[in-house]
Amino acid sequence: MDSEMFFSRGDGWGEPWVLDVETVESLRFGPPAGRTNLEVAIALTRLLYNDFVAHGTNGQGRHLDDENVPVVMKAHRAVLERLALEPPDWPFRTFDGPRGFGTYWRANGMSGSWQARRDCIEQILGPTRDALEDLQELEYERRFTKGPSGSFKNLIFAADGVKPEIVLRDAVNNEVEIVRHADTCLVFTDPLPLHGLTWRQMVAWWQKNHQPDTDGRTAANGLYRRLYRSLDSVPEQLVMRTYCARYAEEGGFDLPALIPQVYLHYDPYTRKSGKQSGALYRQRMDFLLLAPDRSRIVIEVDGVQHYSRPNPPDEQGRITHTAVPRLYAEMVAEDRRLRLAGYEIYRFGGWELKEPGGRRLLEDFFTSLLARHQKPTL
C-alpha cells in the first residue's frame, strides 16, 4: 500500500498534492475496504518518516503541512493501537511553530546538523517501523502455514459460578452477548499482537480493569487466584498450579498465559457456525494457550464424565460407570473440527494426573510444549 493513496495528486509541475483528510480521519475507525491495518500502518509510518526527514534536511519533498500532519499522527496512533503496538511518543506536533519540529531541534542542539535531525526521527519512528516489519514477515510466513486465520475478537473465560449464557447476535460480524450470569465470568477484548497473549499482558489487563490501585505483583496474585477459583476438579487445579509456577521464574511473565475454562475464544470458529443468532451450545475448553508462534493450543483434562455415565450405587455405596459411545464420538468430533480449523489439542486423562507422577508428567509436557512453540526468529 503506497502512502500516495491518501492524496489527490498534482500535475507533477508544481501543483501540490492535497491530503484527503476525510479518508485519513476514517482510518481511525478501521482500514479501507480491501486493505489491512498492517498495510495502512506501514504506509502512514512511511509518510510521516519521509516528511519529517525531508523537513529536517532541506525542506523539500514534503507532502504534508502544519495543518494536516496532526490528522495523520492521530490516524497513525489509532491504527497502531489496533495492531497492539505502542504508538511513538512525539515531542512535537507540526513542522514549524511553537510545537514544531524546527523549534524542537533548535532547543535540543540540532541546528547545525541534518544528520542529527534524521537520527531524531529514527529514534521516534524507527521502533515502530521495525515492529511493523516483524509483523509483515509473520504475515508472509502465515500464508505458508495451516494455523488459524482471521483476527482474535472475544475471550470469555474463567466462570466461577453459574455458567454464562452466550448468544450470537450477528454471525457476520461475530457480535456476541452474554445474556445471563455475565458477572460470573471474565471477558478479555483488548487488542492482541500476532505473538499471542502473555501472562504480562493478562496481568496488565487485570490491573487496569480490576485492581487499578495495586502494583504488578499484587495484581498478578489477584488474577491467579481469580482464575484458580474457576477450576472444578483436582486434576485441572494441578495443571494450573504446575504451569503457573513458571511465572515466578526468570522471564516467566513473558510466557503464554494459561487461560482456564474458555467459552468463546477465536473469531473465525464462531463465524463459520452458520447461525445468525441464538444460544451458543459449544462446550467450554479446559485451557487455552495463545502461543508466540501464532499457535492456538487447547488442553483438555478428561474425567470419567467425558466418556461414561454413572450407574446407581451398589450395596456398598460404590458407583461404577458405563461407557457411552455417543459421548466419546461427540468429543472426538469436536477435536476434528478444531484441528481442521488449525488448533492443536492435547488431552490428559484425569486418572493419570492423580497418580504420584502427575506433576512431573505435566512439568515435562509443558517444557516440551513451550520449546516447540517459541517466537519465530526473524
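Further up the page is the structure itself.
What you see is a predicted model; the values in this text were computed from it and never measured. Every chain begins its residue count from 1, and numbering advances along the sequence as written. Local features in a predicted model are, by the rule used here, given only for residues with pLDDT of at least 70; side-chain atom pairs are given and counted only at 80 or more, and totals for whole chains, interfaces and linings are based on all residues. The side-chain figures draw on all heavy atoms in the structure; neither hydrogens nor water molecules are used.

1. What to know about empty space enclosed by the protein
- Only protein atoms enter the 1 Å grid, on which a cavity is a set of points fitting a 1.4 Å probe that cannot get out and a pocket is an open set with protein on both sides within 12 Å along at least 5 of 7 lines, lining residues being those with an atom within 4 Å of a point. Grid points are joined across faces, edges and corners, and a volume is the space filled by probe spheres set on the points. Going through the model one piece at a time under the given rule, you end up with 1 cavity of 30 Å³ or more.
- The space that makes up the largest cavity amounts to roughly 40 Å³.
- Pro256, Leu289, Ala291, Pro292, Ile297, Leu369, Leu370 and His373 are the residues that line the largest cavity.
- Class assignment for the residues of the lining of the largest cavity results in 7 nonpolar, 1 polar and no charged. The nonpolar class holds Ala, Val, Leu, Ile, Met, Phe, Trp, Tyr, Cys and Pro. Asp, Glu, Lys and Arg form the charged class, and all remaining residues, Gly among them, are polar.

2. Quick look at the pattern of salt bridges
- Each salt bridge in this description consists of a side-chain nitrogen of Lys or Arg and a carboxyl oxygen of Asp or Glu lying within 4 Å of one another. Summed over all chains, the structure comprises 14 salt bridges.
- The partner of Arg360 in a salt bridge is Asp364, with the nearest N and O atoms 3.1 Å apart. One end of the pair is Arg360 and the other is Asp364, both in helix α12 (residues 358-372) and 4 residues apart, which spans about a single turn.
- Counted as one network, the salt bridges with shared partners bring together Glu122, Arg129 and Asp130. Starting at the N terminus, helices and strands are each numbered in turn, a helix being any DSSP run of H or I of at least four residues and a strand any DSSP run of E of at least two.

3. Examining the nonpolar core
- In this structure, Phe157, Trp199, Tyr243, Leu258 and Ile299 are the most contacted members of the largest nonpolar core, which totals 47 residues.
- Note on contacts: a residue pair qualifies if any of its non-hydrogen atoms lie within 4.5 Å across the two residues. Filtering out sequence-adjacent residues up to four positions away, Trp199 remains in contact with Ala220, Leu223, Tyr224, Leu227, Tyr247, Gly252, Phe253, Leu255, Pro256 and Ala257.
- We define a nonpolar core as any set of buried Ala, Val, Leu, Ile, Met, Phe, Trp, Tyr and Cys residues linked to one another through side-chain atoms lying within 4.5 Å. In this scheme, a residue with accessible area under 20% of its type's maximum is buried, one over 50% is exposed, and one in between is partly exposed, where area comes from a 1.4 Å probe on protein chains only. The next biggest cluster of nonpolar side chains, apart from the first, holds 37 residues, and it includes Ala41, Leu85, Trp90 and Phe92.

4. Here's the deal with the packing of aromatic side chains
- A pair of Phe, Tyr and Trp rings is counted when the ring centres sit within 6.5 Å of each other, with Trp represented by its six-membered ring. The angle between the planes then sorts it: under 30 degrees is stacked, over 60 is edge-to-face, the rest tilted. Applying the stated criterion to the full structure yields 18 aromatic pairs.
- Relative to Tyr228, the ring of Tyr224 has its centre 5.9 Å away and its plane inclined at 35°; by these criteria the two rings are tilted. Linking Tyr224 with Tyr228, this pair stays in helix α7 (residues 216-228), spanning 4 residues, or about one helical turn.
- With a relative accessible area of 22%, Tyr224 lands in the partly exposed category.
- For Tyr228, a relative accessible area of 23% gives the class partly exposed.
- Ring centres of Tyr243 and Phe366 lie 4.8 Å apart, and the angle between their planes is 65°; this geometry places the pair in the edge-to-face category.

5. Some details on the side chain of His76
- Relative to the helices and strands, His76 is located in helix α3 (residues 69-82).
- If sequence neighbours within four positions are ignored, His76 has contacts with Ala41, Leu44, Thr45, Leu48, Pro88, Leu125 and Thr128.

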